[in-house]
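# Breakdown of the fold
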Amino acid sequence: MNAFKICYFMVVLIMVLAIAITLSEPLRVEASHRDRYGQMITATQGKKGGNRTSAMTCDKSPKVCRLKGSSGRDCCRKRCVDLRTNKLNCGRCGKSCQYSEICCKGYCVNPMFDKRHCGGCFKKCNKGRSCAYGMCSYA
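Before going into details, it helps to say that this report is about the structure given with it. (Residues numbered from 1 in each chain as written. Predicted model: local features only at pLDDT ≥ 70, side-chain atom pairs only at ≥ 80, totals over all residues. Heavy atoms only, no water.)

## Section: the overall build of the chain
Across its full length, the chain carries 1 helix and 9 strands. Counting from the amino terminus, helix and strand elements in the chain follow one another as α-β-β-β-β-β-β-β-β-β. Expressed as a percentage of the 139 residues in the chain, the buried residues total 22%. When contacts within the chain are restricted to residue pairs at least 6 apart in sequence, long-range pairs at least 24 apart make up 6% of them. Roughly 11,100 Å² of accessible area belongs to the chain as shown, and the carbon and sulfur atoms make up 58% of that amount. (Helix = DSSP H or I, 4+ residues; strand = E, 2+ residues; numbered from the N terminus. Buried < 20%, exposed > 50% of the residue type's maximum accessible area, 1.4 Å probe, protein only. Contact = heavy atoms within 4.5 Å. Areas by Shrake-Rupley, 256 points an atom, 1.4 Å probe, with all protein chains shown as cover.)

Shown next as structure tokens:
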């Protein structure tokens with residue numbers, strides 16, 4: 001019976017020490033990912049639960065847009081964009097295409113009725129054919 005009490009006491013002591021060691025080490029969690037605009041976001045959570053989030057924006061460092069994996073080579077409103085294909089920044093920063101238009105090499109075009117961009121960028125209809133509803137010679 002006496003040996004059982006000693007073993008039980010030792011197990012409890014080991015568990016208390018394990019918990020104390022775990023709580024004494026600082027808890028640091030780091031995560032990084034890209035947001036929907038391609039910017040790298042890094043979040044660090046310290047032991048006290050405070051979050052620090054920082055995003056490298058192109059207005060402070062324009063070369064960030066030329067890095068591998070960037071969503072575009074140009075900087076518009078603190079975001080890396082491709083001025084050749086971005087519908088909200090088509091050809092220049094802030095130039096938006098209309099609802100039915102897409103951005104092809106910096107120009108807003110309507111792929112539903114444009115003979116040079118029928119159904120998508122640079123999908124030309126044959127000579128004498130028209131574009132309707134994104135298809136050459138519809139009906």
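## Some points on the environment of Gly 72
With respect to the helices, strands and loops of the structure, Gly 72 is situated in the loop between strand E3 (51–55) and strand E4 (74–76). In this structure Gly 72 comes out as buried when scored by relative accessible area, which is 8%. C-alpha separation for the pair Gly 72 and Asp 82, spaced 10 residues apart in sequence, amounts to 4.1 Å. In this structure, Gly 72 is in contact with Cys 65, Cys 80, Val 81 and Asp 82, ignoring residues within four places of it in sequence.

## Section: the environment of Arg 73
The residue Arg 73 is located in the loop between E3 and E4 in this model. Separated by 11 residues in sequence, Arg 73 and Pro 62 have C-alpha atoms that sit 8.8 Å apart. Other than its neighbours up to four places away in sequence, Arg 73 contacts Cys 65, Arg 66 and Val 81.

## Things to note about the state of the cysteines
Using the criterion set out here, one finds 8 disulfides in the structure. Two residues, Cys 65 and Cys 80, share a disulfide whose sulfurs are 2.2 Å apart. Judged by the torsion about the S-S bond (-85°), the Cys 65/Cys 80 disulfide is left-handed. In this pair, Cys 65 sits in the loop between E3 and E4 while Cys 80 sits in strand E5 (residues 79–81), placing the two residues 15 residues apart along the sequence. In this structure Cys 65 comes out as buried when scored by relative accessible area, which is 2%. (Disulfide = S-S within 2.5 Å.)

## A closer look at the pattern of salt bridges
By the definition in use, this model includes 2 salt bridges. Here Asp 82 makes a salt bridge to Arg 84, at a shortest N to O gap of 3.1 Å. Its salt-bridge partner being Asp 114, residue Arg 116 comes within 3.7 Å of it at the nearest N-O pair. Residue Asp 114 is classed as buried on the basis of its relative accessible area of 15%. (Salt bridge = Lys/Arg side-chain N within 4 Å of Asp/Glu carboxyl O.)

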